[in-house]
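Chain residues, written in single-letter form:
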Amino acid sequence: MANASGFFTPSVPSLRSRIQPPIGIFRSGSRSPEGFSTRVFCSSTTEGADKLASGASSSESRVPRLVSQGCKLVGCGSAVPTLKVSNDDLAKIVDTSDEWISVRTGIRNRRVLSGKESVTTLAVEAARNALQMAQVDPDDVDLVLMCSSTPDDLFGSAPQIQKALGCKRNPLAYDITAACSGFVLGLISAASHIRGAGFQNVLVIGADALSRYVDWTDRGTCILFGDAAGAVLVQACDSEEDGLFGFDLHSDGDGQRHLNAPIKENEMDNTLGSNGSVLDFPPNRSSYSCIQMNGKEVFRFAVRSVPQSIESALAKAGIPGSSIDWLLLHQANQRIIDAVATRLEVPPERVISNLANYGNTSAASIPLALDEAVRSGKVKVGHTIAAAGFGAGVTWGSAILRWG
């Protein structure tokens, strides 16, 4: 099992000599019975520690790291296909009903690509909306991160998004494949580029079209998924304004057997060579199978691992769970969302959920829900959010962040 700690170390050593000693937030390395405790360290001083954390024992281990600059979320956007497919619509093609689906999942509608729509067009629209909110010109974007497991091109869609946005300086653009955890990984990657390499504006896009890989005759999976895109603009700021407080990332390849869409093993013609040997060449064209999922095991994995990840991220951030304004989880299943909230003792009124309208949109679900919550006035500048993604791989991760 691989995991990542919620600390940053600059990847460019020369930054150390060019910047003033900043203030960074780091865990003390322990969790006391009273709660989480942290200390704040500068490269040459501990000034400011009392302001952000108190009561830390001098005997606690300290692992200082230099944070060259902070980062914050300053804009968001989303886009969904025009075609809405209701539970009643699905009941016409598989043996199911609106009640059966809604009771078990919380889903009532989902959006599905149609016509000339694509993952790329949705991603571009979401990114433009995020840039507009942030009041950032496309030419000022330093990096585009496209978090998707269903790109329109085998080699990724990020460069095409960069082109469509009109980023004339040819900024770096690349894809991140981590299924439903992709957006959280994208956020951490954006923060790493900003804090460690001096990037100023990073677009993080989560976009997927799992409808392309759904078996529409399987009522166990076809009821769950929808298509969408969401985006945020992560911007550099002074370390004192840093809006990413801590994170926790993991993967476990053993869980792949419970949720996957592998390449189909097509049978090949056995062609005999001149010496009588069998040649498996040229290979047949390959294609991905439909999504295969063991729902019970995925549920167990999520309700066990996600609360632990969020608690770990909170500990690294030095923030008690009671100070969280919103819990924002990957929108997979309302039962999972409710179970995680219960374990974390987060009341329903502090849980963001739009699952009923869109279903499971994979990497798009967190930024899509965030965008709706921000634009409706629910999430306000300064609010603290505990966000977590989880899904195929299996991968899971969480981030404690501040909006604005």
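If you look at the biggest cluster of nonpolar residues, it comprises 38 residues, and the most contacted ones within it are Val204, Val232, Val234 and Ile385. The leading source of residues in this core is helix α7 (residues 182–197), at seven residues. With 27 residues, the next largest nonpolar core counts Val144, Ile161, Ala207 and Leu233 among its residues.

For helix α4 (residues 98–105), the set of buried residues is Ile101, Ser102 and Thr105. One side of α4 holds all its buried residues, which, seen down the axis, span an arc of 95 degrees. Residues of α4 that are buried sit in contact with α3 (87–90), β6 (109–112), α9 (334–343) and α10 (355–358). Within two residues after α4, Gly106 carries a phi angle of roughly 85 degrees, on the positive side.

So, about the sheet that holds strand β7 (residues 143–147). The strand order across the open sheet built from five strands is β4-β10-β9-β7-β8, with neighbouring strands paired in mixed fashion. Looking at which strands have only one partner, the edges of the open sheet turn out to be β4 (70–79) and β8 (172–176). Within this sheet the neighbouring strands show an average axis-to-axis angle of 20 degrees, counted without direction. Inspection of the sheet shows β7 paired to β8 by five bridges, in the parallel sense. Considered in β8, the bridge of Leu145 is made with Tyr174. Here helix α6 (residues 158–165) sits on the sheet and contacts β7, β8 and β9 (201–209); the angle it forms with β8, its principal contact strand, is near 135 degrees. Lying on the sheet, helix α11 (residues 365–375) is in contact with β4, β9 and β10 (227–237); it crosses β4 at an angle near 90 degrees.

This part covers the packing of aromatic side chains. Geometrically, a pair of aromatic rings is defined through the distance of the ring centres and the angle of the planes. Counted according to the given criterion, the structure contains two aromatic pairs. Between the aromatic rings of Tyr213 and Tyr288, the centroid separation amounts to 6.4 Å while the plane-to-plane angle is 85 degrees, which identifies the pairing as edge-to-face. Here Tyr213 is found in the loop between β9 and β10, whereas its partner Tyr288 is found in the loop between β14 (278–279) and β15 (292–293), with 75 residues between them in sequence. Ring geometry for Phe301 versus Trp396: centroids 5.4 Å apart, planes at 75 degrees, classification edge-to-face.

Quick look at the pattern of salt bridges now. Side chains bearing opposite charge may pair, as long as their charged atoms lie close to each other. Scanning the model with the defined rule gives nine salt bridges in all. A salt bridge links Arg212 to Asp152; its shortest N-O distance comes to 2.9 Å. Of this pair, Arg212 sits in the loop between β9 and β10 while Asp152 is found in the loop between β7 and α6, placing the two residues 60 residues apart along the sequence. Since its relative accessible area comes to 34%, Asp152 is described here as partly exposed. Salt-bridge contacts for Arg300 lead to Glu297; the nearest nitrogen and oxygen are separated by 2.7 Å.

Moving on, we come to the pairing of strand β16 (residues 326–329). Side-chain positions along a regular strand alternate between the two faces of the sheet. Burial along β16 is two-sided: Trp326 and Leu328 facing one way and Leu327 and Leu329 facing the other are all buried. Looking at chain direction, β16 and strand β17 (residues 351–352) are connected through two bridges and run parallel. Counterpart to Leu328 in the pairing with β17 is Ile352.

The buried fraction of β7 is high, at five of five residues. Judged by which residues are buried, β7 turns out to be covered on both faces: Leu143, Leu145 and Cys147 on one side and Val144 and Met146 on the other are all buried. Two elements, β7 and β9, share five bridges in a ladder whose sense is parallel. Residue pairing across strands places Leu143 opposite Val202, the latter belonging to β9.

Calculation criteria
Numbers given for residues are sequential positions, taken from 1 along each chain in its written order. In keeping with the model being predicted, local features are shown solely for residues with a pLDDT of at least 70 and side-chain atom pairs are shown and tallied solely at 80 or more, while totals for entire chains, interfaces and linings include all residues. Water and hydrogen atoms were dropped before computing side-chain values, which therefore reflect all heavy atoms in the structure. Think of a nonpolar core as a cluster: buried Ala, Val, Leu, Ile, Met, Phe, Trp, Tyr and Cys residues, connected wherever their side-chain atoms sit within 4.5 Å. Note on exposure labels: buried denotes an accessible area under 20% of the residue type's maximum, exposed denotes more than 50%, and partly exposed covers the range between, all computed with a 1.4 Å probe on protein chains only. Helix and strand labels come from DSSP, where a helix needs a run of H or I of at least four residues and a strand needs a run of E of at least two; each type is numbered from the N terminus. This arc is built from the directions going out from the helix axis to the C-beta atoms. Whether two residues touch is decided by their heavy atoms; if any such pair falls within 4.5 Å, the residues are in contact. Pairing between strands is defined by DSSP: at least two bridges between them are needed. The angle between two axes is taken between their N-to-C directions and runs from 0 to 180 degrees, where each axis is a line fitted to C-alpha atoms and a helix contributes only its stretch in contact. When two rings of Phe, Tyr or Trp (its six-membered ring) have centres within 6.5 Å they constitute a pair, described as stacked for plane angles under 30 degrees, edge-to-face for angles over 60, and tilted for the intermediate range. Throughout this description, the term salt bridge denotes a Lys or Arg side-chain nitrogen within 4 Å of a carboxyl oxygen of Asp or Glu.

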